[in-house]
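Structural overview for review
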Amino acid sequence: MVRMTTHQPGQQTEKRMVFKKCRLGRSELERIFAVAAEGIPADAVVISTQRDDTRFRHRTLEELVDLVQQAQVAGDRTRWTNVQLAAVEGRQRYVTVSADLERAEIHLSGEDATWVYGQAARLELLLKGAGGVAAEKKRKKAPGEIFMLMFISVALFNGLMLAGFVVTAQRPKAGEVATLVAIQVISGILLWGHQRSHRALLHVTAEAPPTAWWRRLTVMELSGLAAAIGGVVAAAAAVASAGADFMK
């Protein structure tokens, strides 16, 4: 005999948000989870993580961390690749927050549209405060992209300069070669450092490391810094070259 179920009429407001480049440490996760589960009974909240083929669940993040620390699992138990919160209060409120090494995703659903949009706005502020960038949002060129263009431009310029020496059969001075190489290396280091400081982080058992100082600079300030460093290197190389020519 098939048991028939009845469906109550009604409507649900749903909101889904995805953020990349979030730097989430213990404090950030605690705040996000507290806001997400606010007003939902504690026994309706589950926080979990997946390690290999085992899923660990508990009521709070602190208890979940202790559970994983005491478990017989392989690998470093302080390194997490994912964590998720799920809180359900009947049809009235439903929220999930999941974070991994690439992004954070939030899904809200409820009969009260005001609650859904209000919670979404609060969680969005927290994730943006942790460095998150909305995945679907059209954005201007990021500083990292500008650094990449600068790096490519410098590489092309240096290549053309060296090609010019070859074509004209001129022997470049030691200072000129040192300048080209130094500027290229510095551009590469700035690009690498900037990209590294903007990667997503998930530190469940500890605080997220402080943001690199150059990440707090504006695009214009970053461009000026790169130009200033290049100018100092070029000046030093010119002085060294002039000194070498004088000693001949």
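These lines cover the structure that appears in this document, whether it is placed above or below. (Residues numbered from 1 in each chain as written. Predicted model: local features only at pLDDT ≥ 70, side-chain atom pairs only at ≥ 80, totals over all residues. Heavy atoms only, no water.)

What follows concerns the pattern of salt bridges. Scanning the entire structure with this criterion turns up 7 salt bridges. Glu-105 is paired through a salt bridge with Arg-16; the nearest N and O atoms lie 2.9 Å apart. On the criterion of sequence distance, the pair formed by Glu-105 in strand β7 (residues 103-110) and Arg-16 in strand β1 (residues 13-20) is long-range, its members being 89 residues apart. The exposure class assigned to Glu-105 is buried, which follows from its relative accessible area of 18%. The salt bridge partner of Glu-105 is Arg-103, with a shortest N-O separation of 3.3 Å. Where salt bridges share partners, they join Arg-16, Arg-103 and Glu-105 into one cluster. (Salt bridge = Lys/Arg side-chain N within 4 Å of Asp/Glu carboxyl O. Helix = DSSP H or I, 4+ residues; strand = E, 2+ residues; numbered from the N terminus. Buried < 20%, exposed > 50% of the residue type's maximum accessible area, 1.4 Å probe, protein only.)

To continue, consider helix α2 (residues 61-70). Of the residues making up α2, those classed as buried are Leu-61, Leu-64, Val-65 and Val-68. The arc enclosing the buried residues of α2, seen along the axis, measures out at 100 degrees, which places them on a common side. Contacts made by the buried residues of α2 are with α1 (26-36), β3 (45-51), β4 (54-58) and β5 (82-89). (Arc of directions from axis to C-beta. Contact = heavy atoms within 4.5 Å.)

Its place among the elements puts Asp-52 in the loop between β3 and β4. The exposure class of Asp-52 is exposed, given its relative accessible area of 64%. Residues Asp-52 and Ala-74 lie 22 residues apart in sequence; the distance between their C-alpha atoms is 8.7 Å.

Glancing now at the packing of α1 against α2. Direction vectors running N to C along α1 and α2 enclose 130 degrees, while the axes themselves pass 11 Å from each other. Overall, the two elements α1 and α2 adopt an arrangement that is oblique. Contacts from Arg-26, Leu-29, Glu-30 and Phe-33 in α1 reach Leu-61, Glu-62 and Val-65 in α2. Considered class by class, the residues forming the contact of α1 with α2 number 4 nonpolar, no polar and 3 charged. (Axes fitted to C-alpha atoms, helices over the stretch in contact; angles between N-to-C directions. Parallel < 35°, antiparallel > 145°, perpendicular 65-115°, else oblique. Nonpolar A, V, L, I, M, F, W, Y, C, P; charged D, E, K, R; others polar.)

Looking now at the packing of α1 against helix α3 (residues 113-129). Contact geometry of α1 with α3 gives a least axis separation of 10 Å together with a crossing angle of 180 degrees. Considering the angle they form, α1 stands roughly antiparallel to α3. Where α1 abuts α3, its residues Arg-31, Ile-32, Val-35 and Ala-36 lie against Gln-119, Arg-122, Leu-123, Leu-126 and Leu-127. Of the residues in the contact of α1 with α3, the class split is 6 nonpolar, 1 polar and 2 charged.

Next up on the list: unusual backbone geometry. We note that Lys-21 has phi near 65 degrees; this positive angle belongs to a residue other than glycine. When you line up the elements, Lys-21 lands in the loop between β1 and β2 (23-24). In this model, Asp-52 sits at a positive phi of 55 degrees, which is unusual for a non-glycine residue.

Here 7 strands make up an open sheet; going across it, the order is β4-β3-β5-β6-β7-β1-β8 and the pairing antiparallel. The open sheet has two edge strands with one neighbour each: β4 and β8 (133-134). α2 contacts β3, β4 and β5 of the sheet and is inclined by roughly 140 degrees relative to β4. (Pairing = 2+ DSSP bridges.)

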